[in-house]
Amino acid sequence: MSRFREFLKETSGKLDLPQPEKSRILLEIASDMEDLHAFYREQGMGEEEAAARTIETFALSDEALADLVRVHQSALQRLLGRISAQACARWERLLVAFVVCFALAAVSPALLTTRLFAQATGYVWPILAFAAAALALSAYHAVRLFILRKHAARGLRRGMHWILGLGGASLVVSFGGSAVELYRATFRGAGDTPRALAHFVAWALGASATLIAGMIVAIVAAVIWFALVDKVKRIEIAEASWLIE
């Protein structure tokens, strides 16, 4: 990457973007430049000619760079970009800590009882399956980022969105399953009027346990995703800094 260092440094100075968006774009540009340089070399060009042709191809005008910034940054992101990256990181961590503490305080009484999963409806099993899949995917990314440390310019975030997706799916199943069970309980109560209240209470107990299980999976998945993305941000910034310094 050193042959394009000056070009990347100049491009970095023109990109009016906060971190880690700027680092992510620089890494993508650097990776694309290496691919194009390798292509030119395969076509028989010399090292200097291939590098010159690559830089010429990626030389963007100020208008093109401005368009690139607009594509990668919304109005809200531009507003947040005025705050330092360190301050943003502090607020993100405080917000996550607040959400986790609030959620744990809400569900901890139920977690202390062994009847939670016994009371839950059958929809708890797909929720547990989503939890197992999210944990397996999280373990894979954690090993890749924290232990193996195989960091490529591309693909750092690939597949991480599935962790959030699995957490969201657990919430959807818990709410959807509870709605279905309410529908069934209503019909059972209509056909068995003397025990209508008992049917409703049974539904309420099962639905609350199922909703708690879905909430726990979603919260844990979100916290893990946040930790992994925070690690990716640090890697992107470090690698981009190495490219231009």
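This section reports on the structure supplied with the text. (Residues numbered from 1 in each chain as written. Predicted model: local features only at pLDDT ≥ 70, side-chain atom pairs only at ≥ 80, totals over all residues. Heavy atoms only, no water.)

## Section: the overall build of the chain
Phase 1 of the analysis: Looking only at helices and strands, the chain has 10 helices and zero strands in total.
Phase 2 of the analysis: Starting at the N terminus and walking to the C terminus, you meet the elements of the chain as α-α-α-α-α-α-α-α-α-α.
Phase 3 of the analysis: Within the chain, counting contacts between residues at least 6 apart in sequence, those at least 24 apart form 76% of the total.
Phase 4 of the analysis: Roughly 14700 Å² of accessible area belongs to the chain as shown, and the carbon and sulfur atoms make up 66% of that amount. (Helix = DSSP H or I, 4+ residues; strand = E, 2+ residues; numbered from the N terminus. Contact = heavy atoms within 4.5 Å. Areas by Shrake-Rupley, 256 points an atom, 1.4 Å probe, with all protein chains shown as cover.)

## Description of the nonpolar core
Phase 1 of the analysis: Core analysis: the largest hydrophobic core is formed by 15 residues, its most contacted members being Phe4, Phe7, Leu8, Ile29, Met33, Tyr40 and Phe58.
Phase 2 of the analysis: Contributing elements (two or more residues each) for this core: helix 1 (5–14), helix 2 (21–42) and helix 3 (47–58).
Phase 3 of the analysis: The element that contributes the greatest number of residues to this core is helix 2, accounting for seven residues.
Phase 4 of the analysis: Counting nine residues, the second largest nonpolar core, distinct from the first, contains Leu145, Leu156, Leu228 and Ile235. (Core = buried A, V, L, I, M, F, W, Y, C linked by side-chain atoms within 4.5 Å. Buried < 20%, exposed > 50% of the residue type's maximum accessible area, 1.4 Å probe, protein only.)

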